Amino acid sequence: MQIIKNSIHRCQVTAMTNEGNGVVKIDDFVIFVPNTAIGDIIDVKIVKVLKNYGFGIIDKLIEASDTRTDNACNIFNQCGGCCFRHINYKEQLRIKQQAVKDAFERIGSINAQILPIEGSQFIDRYRNKAQYPVGINKDGKAIAGFYAKRSHRIIECKDCLLQPDIFNNIVNSVLEFINQYKINVYNEQTKKGLIRHIYLRIADATGEIMLCIVATGENIPKQKEFIEYITLLYPQIKSIVININKKDTNVILGDKCNYIYGDGYINDIICGIKVRISSLAFYQVNKKQAEKLYNKALEFAKLTKDDILFDLYCGTGTIGLAAARYVKQIIGVEIIPQAIEDAKINAKINNINNALFICDDCKGAVKKLKQQGISPDIIIVDPPRKGCDIDVITSICDLLPDRIIMVSCNPATAARDCRLLVEFGYTVEKYMPFDLFPNTAHVETCILLNRKE
Ligand code: SAH
């Protein structure tokens, strides 16, 4: 059968990709269809045909899969955020468990034991961080929302179900102020205008909120009035920051901040550790699930009082500081200076005296630590989505730690990196997926590797 653009075919969804697209086959030719569930029978309309596969959209849902659920959001079809929102949570977890297992078996050639995925107690309102792009609607009014799938068109969203209610309220209040004083909004096409994003963080343990306005300048008009207005409405706002981003770029945050109200950070508690969170440092967005993930990493690590532990890609030091009381020494490495400053302060405010934090690229730092003759018993790595640099893999293996624990937000790069670690003398003992991002396709994994005898 010829598969051409705009043709319509009846078929059944048989699998799901890591990006959350359903898979249908027409005479063995694979078509990816968003917003479907395994088991759906659909009439698919072909929208794009490439050499080995194509893309389609649902023209008509003929028979709905029994894994579908009605957990509606009024911008579900336009926003790319929650690609699993229409699928029940049990099935979401099954898909993620399978995706991690497939990545480890196919990319990593790893056949170790996979533990059952740890699901999240809350599947909505679980995020503690949101970044809303600000734009102008047809009537010239400032709006905020999220980018449409694979685009920079802003879809207005007054209530994102993944965010705490208070975020949605604050955003609407900020927009009212912007509209009242006709404050200039940034336009991505003309590269002109001031306000780019509204970025919010909330600390789960204290309820403290950070409001960050990403702008092309260091201040905003009517700044004094704005601070009074917003802190009167929301006394939970403990810190207001202008983040300066003048660049024509997709990256949301610039490197510099102007702290216009409060101390520039909020206070949280994670795994029993008091932490300061500042605007530029990484902090897990679903804290309750992150605690479960970190506790599993520490359990896998089997810490003892004689151990030296490296916490690589340590952010504000959360994992290492949670481990500190069980070991002789921890050494954390992180590339963002503000995160390392936070990590040092976090050690101090928790009376932890056996922690050393180094601001450096892991690539160079691990080599330097080896030259100094420091040999860790356990190394925890928690890299960004692109995974570990190969130099980091080879230099951590050179240090011959007994155990390596990898915490990863990307199963594909984790599987690739574990495969290398296996080549360099380690075995994957077991691994366990964690769902930190319900309703989206993201999944975290905690992996235990032991040095071969
Ligand atoms: N372990 C921390 C942070 C994990 S996110 C936590 O759980 O909170 C990954 C971190 O790696 C980020 O803080 C990022 O800034 C840092 N990072 C990215 N590339 C790096 C590199 N080459 N060297 C050191 N740190 C890096």
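### Structural notes on the domain arrangement of the protein
Reasoning step 1: Assigned domains within the protein: domain 1 (8–68), domain 2 (92–122 + 286–451) and domain 3 (129–270).
Reasoning step 2: Each of domain 1 and domain 3 was reduced to a C-alpha centroid, and the two centroids are 37 Å apart.

### Remarks on helix 8 (residues 390–398)
Reasoning step 1: Along helix 8, the residues classified as buried are Val392, Ile393, Ser395, Ile396 and Cys397.
Reasoning step 2: Put simply, Asp389 is the residue that caps the front of helix 8, since its side-chain oxygen is 3.1 Å from the backbone nitrogen of Asp391.
Reasoning step 3: Taken from the residues just after helix 8, Leu400 is the one with a positive phi, measuring 50°.

### Some details on the layout of surface pockets
Reasoning step 1: As a volume, the second largest pocket reaches approximately 360 Å³.
Reasoning step 2: In terms of lining, the second largest pocket is formed by 15 residues, of which the most central are Met16, Thr17, Asn18, Asp102 and Arg106.
Reasoning step 3: Breaking the lining of the second largest pocket down by element, the ones donating at least two residues are strand 2 (15–16) and helix 1 (89–107).
Reasoning step 4: Here the lining of the second largest pocket gets eight residues from one element, more than from any other, and that element is helix 1.
Reasoning step 5: Across the lining of the second largest pocket, the residue classes tally to eight nonpolar, four polar and three charged.
Reasoning step 6: Built from parts of two domains, the lining of the second largest pocket gets at least three residues from each of domain 1 (8–68) and domain 2 (92–122 + 286–451).

### Digging into the pattern of salt bridges
Reasoning step 1: Under the definition given, this model contains 20 salt bridges.
Reasoning step 2: In this structure, Lys287 engages Asp204 in a salt bridge whose closest nitrogen and oxygen atoms are separated by 2.8 Å. Of this pair, Lys287 sits in helix 4 (residues 287–301) while Asp204 sits in the loop between strand 11 (195–202) and strand 12 (209–215); the two residues are 83 residues apart in sequence, bridging distant segments of the chain.
Reasoning step 3: Note on Lys287: relative accessible area 6%, which makes it buried.
Reasoning step 4: Given a relative accessible area of 38%, Asp204 falls into the partly exposed group.
Reasoning step 5: The residue Asp402 makes a salt bridge to Arg451 at a minimum N-O spacing of 3.3 Å.

### Section: the site of the ligand
Reasoning step 1: Around the ligand, the structure places 15 residues, and the nearest of them are Tyr294, Tyr313, Glu334, Cys362 and Asp382.
Reasoning step 2: Between the ligand and the protein, one listed contact pairs a nitrogen atom with a backbone N or O atom of Tyr313 at 3.0 Å.
Reasoning step 3: For the ligand, a nitrogen atom lies 3.2 Å from a polar atom in the backbone of Ile335.
Reasoning step 4: In the complex, 88% of the free accessible area of the ligand, which totals 570 Å², lies under the protein chains.
Reasoning step 5: Residues of the shell around the ligand, tallied by class, amount to nine nonpolar, two polar and four charged.

### Regarding empty space enclosed by the protein
Reasoning step 1: This model, assessed by the stated rule, comprises one cavity of 30 Å³ or more.
Reasoning step 2: As a volume, the largest cavity reaches approximately 30 Å³.
Reasoning step 3: Grouping the amino acids of the lining of the largest cavity by side-chain chemistry returns seven nonpolar, no polar and no charged.

### As for the packing of helix 7 (residues 362–371) against helix 8
Reasoning step 1: Where helix 7 contacts helix 8, the two axes come as close as 9 Å, and the packing angle between them is 20°. Taken together, the axes of helix 7 and helix 8 lie roughly parallel to each other. The handedness of the crossing between helix 7 and helix 8 is left-handed. Every residue of helix 8 that contacts helix 7 at Cys362, Lys363, Val366, Lys367 and Lys370 is listed here: Asp391, Val392, Ser395, Ile396 and Asp398.

### What to know about the packing of aromatic side chains
Reasoning step 1: Applying the stated criterion across every chain, the model contains eight aromatic pairs.
Reasoning step 2: Ring plane angle 45° and centroid distance 5.8 Å describe the contact between Phe32 and Phe55, whose orientation is recorded as tilted. Highlighted residues: Phe32 in strand 4 (residues 29–33) and Phe55 in strand 6 (residues 53–63), separated in sequence by 23 residues.
Reasoning step 3: With relative accessibility at 29%, the residue Phe55 sits in the partly exposed group.
Reasoning step 4: With centroids separated by 4.2 Å and ring planes inclined at 15°, the aromatic side chains of Phe104 and Tyr431 adopt a geometry described as stacked. One end of the pair, Phe104, is in helix 1; the other, Tyr431, is in strand 22 (residues 426–434), and 327 residues separate them in sequence.

Reading the values: the criteria
Residues numbered from 1 in each chain as written. Predicted model: local features only at pLDDT ≥ 70, side-chain atom pairs only at ≥ 80, totals over all residues. Heavy atoms only, no water. Domains from an automatic or database assignment. Buried < 20%, exposed > 50% of the residue type's maximum accessible area, 1.4 Å probe, protein only. Helix = DSSP H or I, 4+ residues; strand = E, 2+ residues; numbered from the N terminus. Polar contact = N/O pair within 3.5 Å; in protein donor to acceptor, adjacent residues only side chain to side chain. 1 Å grid on protein atoms, 1.4 Å probe; cavity = no way out; pocket = protein on both sides within 12 Å on 5 of 7 lines; lining within 4 Å. Points joined across faces, edges and corners; volume = space filled by probe spheres on them. Nonpolar A, V, L, I, M, F, W, Y, C, P; charged D, E, K, R; others polar. Salt bridge = Lys/Arg side-chain N within 4 Å of Asp/Glu carboxyl O. Near = heavy atom within 4 Å. Areas by Shrake-Rupley, 256 points an atom, 1.4 Å probe, with all protein chains shown as cover. Axes fitted to C-alpha atoms, helices over the stretch in contact; angles between N-to-C directions. Parallel < 35°, antiparallel > 145°, perpendicular 65-115°, else oblique. Left-handed = near helix turned anticlockwise from the far one by under 90°. Contact = heavy atoms within 4.5 Å. Phe/Tyr/Trp six-rings, centres within 6.5 Å; stacked < 30°, edge-to-face > 60°.

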